[in-house]
Amino acid sequence: MKFLDQAKIYIKAGDGGNGACSFRREKYVEFGGPDGGNGGKGGDVVVEAVEGLNTLIDFRYRQHFKARRGTNGMGRDRTGAGGETLVIQVPAGTQVLDDDGDFLLADLTEIGQQALLARGGRGGLGNAAFKSSTNRAPRRADPGQPGEELWVWLRLKLIADAGLVGLPNAGKSTFLSRVSRARPKIADYPFTTLHPNLGVVGAGEEEFVLADIPGLIEGAHEGAGLGTRFLGHIERCRVLLHLIDGTQDDPVDAWRTVRTELDGYGADLGQKPEIVVLNKVDAVPAEALKARAGALEAATGAKPIFCSGVSGDGLQAVLAAVLERIQQARALEAEQRGDDGAEAPVREAWRP
């Protein structure tokens, strides 16, 4: 399945049904009077985060979504049926922005979370609603109101527990393929990864989701290389797994380059917990590896973990360190959230 993390769609809520103008005309009924019913309400448009989706590719082939209109009112005081609510299913982690992309309308971060994007039009009143003591035979019936319509941007930010970051060719895709069943493209040239990949990693009896994003280069937060488009996918990660190619002469410079891009992007990426891993250690002489690890420890303030995605050396130690940080973050989030198990109601999207 092709990955797509951004799409623009048009949504239109249903129009309200028209009110009816009708009078009772039964035989032998002396005082009939007006009996036109009201029109039904138009259908709303709701966006919902569902399980089993991790891309917006479906919206490349369908960009227009229209809810059903309400049924017109009828005689004998019959109110028209309301239009059915149109539910647009998106992956968890999807943000809904306005046409200009400046204002966030909704942020769906949990499975089952919903947001009302467009409200259906109100049904028109039938002539029975205008009957009064001074107007016994009203011939007025209102049309239904139009439903709301707007263009919106859908932007996906993957929901993952940990995010893989590093320079191109740091071995991120190889690492992901060794610790999960994900099968990203692997080659010996930069920018092999052109879109984020997700993998479910098993560490003992626990599991967590690991996201691999395309490699960063100097100036990425200003649009260089693949730019900042994919940095948003690690905004929601609880911990960053920073892979550094141990075969290069200056791993400290590689670490600083990526850290500069994370800090420049913002969104508190620079404040997230980081685990520094020196990769490809099986291809580095022992003395050179010791010197590079010492320089990296002096720069980062933490001892890097050694591993090799090809041979598998040190992978379990890396996964154990990542899992420990994730569990700490989950416990802190649960404490701050005060989990009460209550189901979130459908809320209306914020409008600028």
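Residues numbered from 1 in each chain as written. Predicted model: local features only at pLDDT ≥ 70, side-chain atom pairs only at ≥ 80, totals over all residues. Heavy atoms only, no water.

## Regarding the packing of helix α2 (residues 251-265) against helix α3 (residues 286-300)
In step 1: With their axes 8 Å apart at the nearest point, α2 and α3 run at an angle of 35 degrees to one another. Here Pro251, Val252, Trp255 and Arg256 of α2 come into contact with α3, specifically with Arg292, Ala295, Leu296, Ala299 and Thr300.
In step 2: Across the contact of α2 with α3, the residue classes tally to six nonpolar, one polar and two charged. (Axes fitted to C-alpha atoms, helices over the stretch in contact; angles between N-to-C directions. Helix = DSSP H or I, 4+ residues; strand = E, 2+ residues; numbered from the N terminus. Contact = heavy atoms within 4.5 Å. Nonpolar A, V, L, I, M, F, W, Y, C, P; charged D, E, K, R; others polar.)

## Thoughts on the nonpolar core
In step 1: Residues Ile9, Ile11, Val45, Phe59, Ile88 and Val96 are the most contacted members of the largest nonpolar core, which totals 28 residues.
In step 2: Those elements giving two or more residues to this core turn out to be β1 (6-12), β2 (45-50), β4 (86-91), β6 (104-108), β7 (114-118) and β8 (149-156).
In step 3: Residue contributions to this core peak at four residues, all from β8.
In step 4: For Val96, the contacting residues outside a window of four places in its chain are Val47, Phe103, Leu104, Leu105, Ala106, Leu117, Val152, Trp153 and Leu154.
In step 5: Counting 24 residues, the second largest nonpolar core, distinct from the first, contains Leu176, Val179, Leu243 and Leu319. (Core = buried A, V, L, I, M, F, W, Y, C linked by side-chain atoms within 4.5 Å. Buried < 20%, exposed > 50% of the residue type's maximum accessible area, 1.4 Å probe, protein only.)

## Here's the deal with the layout of surface pockets
In step 1: Reported here for the largest pocket is a volume of approximately 470 Å³.
In step 2: Together, 13 residues line the largest pocket, and Thr109, Glu110, Ile159, Arg238 and Glu333 are the ones closest to its centre.
In step 3: Tallying contributions element by element places helix α4 (residues 315-337) first for the lining of the largest pocket, with three residues. (1 Å grid on protein atoms, 1.4 Å probe; cavity = no way out; pocket = protein on both sides within 12 Å on 5 of 7 lines; lining within 4 Å. Points joined across faces, edges and corners; volume = space filled by probe spheres on them.)

## Regarding the sheet that holds strand β5 (residues 94-97)
In step 1: The strand order across the open sheet formed by five strands is β3-β1-β8-β5-β6, and the pairing between neighbours is mixed. Looking at the sheet topology across the chains shown, the edges are occupied by β3 (64-66) and β6. Across this sheet, the average inter-strand angle for adjacent strands is 25 degrees, counted without regard to direction.
In step 2: Here β1 runs beside β3; their pairing, made up of three bridges, is parallel. Within β3, the position partnered with Tyr10 by the bridge is His64. (Pairing = 2+ DSSP bridges.)

## Considerations on the pattern of salt bridges
In step 1: Applying the stated criterion across every chain, the model contains twelve salt bridges.
In step 2: Linking Arg24 and Glu26 is a salt bridge whose minimum nitrogen-to-oxygen distance equals 3.3 Å.
In step 3: The exposure class of Glu26 is partly exposed, given its relative accessible area of 36%.
In step 4: Of the charged contacts in the structure, one is a salt bridge between Arg292 and Asp249, with a shortest N-O distance of 3.4 Å. In this pair, Arg292 is assigned in helix α3 and Asp249 in the loop between β12 (239-245) and α2, connecting sequence segments 43 residues apart.
In step 5: What makes Asp249 exposed here is its relative accessible area of 69%.
In step 6: Taken together, the shared-partner salt bridges in this structure form one network comprising Asp161, Arg238 and Arg330. (Salt bridge = Lys/Arg side-chain N within 4 Å of Asp/Glu carboxyl O.)

## What about the pairing of strand β13 (residues 274-279)?
In step 1: Where burial is concerned, most of β13 is hidden: five out of the six residues are buried.
In step 2: Alignment of β13 against strand β14 (residues 305-306), held across two bridges, turns out to be parallel. For Val277, the partnering residue across the bridge sits in β14 and is Ile305.
In step 3: Handedness of the β-α-β unit built from β13, α3 and β14 comes out right-handed. (Right-handed = clockwise from strand over helix to strand, strands pointing away.)

## Some words on the environment of Gly126
In step 1: By the element assignment, Gly126 lies in the loop between β7 and β8.
In step 2: Gly126 sits 13 residues away from Arg139 along the chain, and the two C-alpha atoms are 9.1 Å apart.
In step 3: Apart from residues no more than four positions distant in its own chain, Gly126 is found in contact with Gly19, Ala20, Gly36, Gly37, Asn38, Arg140 and Ala141.

## Notes on the environment of Arg69
In step 1: Take Arg69: it is sitting in the loop between β3 and β4.
In step 2: The exposure class assigned to Arg69 is partly exposed, which follows from its relative accessible area of 44%.
In step 3: For the pair Arg69 and Gly42, spaced 27 residues apart in sequence, the C-alpha to C-alpha distance is 4.5 Å.
In step 4: When near neighbours in sequence (up to four residues on either side) are disregarded, Arg69 contacts Gly14, Asp15, Gly16, Gly17, Asn18, Gly42 and Gly83.
In step 5: A polar contact of 3.2 Å, which involves the side chain of Arg69, links it to the backbone oxygen of Gly16. (Polar contact = N/O pair within 3.5 Å; in protein donor to acceptor, adjacent residues only side chain to side chain.)

## What about the side chain of Asp245?
In step 1: When you line up the elements, Asp245 lands in strand β12.
In step 2: A relative accessible area of 14% places Asp245 in the buried class.
In step 3: A polar contact is formed between the side chain of Asp245 and the side chain of Thr247, at a distance of 2.6 Å.
In step 4: A distance of 3.5 Å separates a polar atom in the side chain of Asp245 from a polar atom in the side chain of Lys280.
In step 5: Look past the residues within four positions of Asp245 in its chain and what remains in contact with it is Asn169, Ala170, Asn279 and Lys280.

## Some details on the pairing of β6
In step 1: In this structure, β5 lies alongside β6, joined through four bridges in antiparallel fashion. Residue pairing for β6: Gln95 is matched across the bridge by Asp107.

## What about the packing of aromatic side chains?
In step 1: Using the criterion set out here, one finds two aromatic pairs in the structure.
In step 2: With centroids separated by 5.4 Å and ring planes inclined at 50 degrees, the aromatic side chains of Tyr10 and Trp151 adopt a geometry described as tilted. Separated by 141 residues along the polypeptide, Tyr10 in strand β1 and Trp151 in strand β8 bring together distant segments of the chain.
In step 3: Taking the relative accessible area as the measure of exposure, Trp151 reaches 34% and is therefore partly exposed. (Phe/Tyr/Trp six-rings, centres within 6.5 Å; stacked < 30°, edge-to-face > 60°.)

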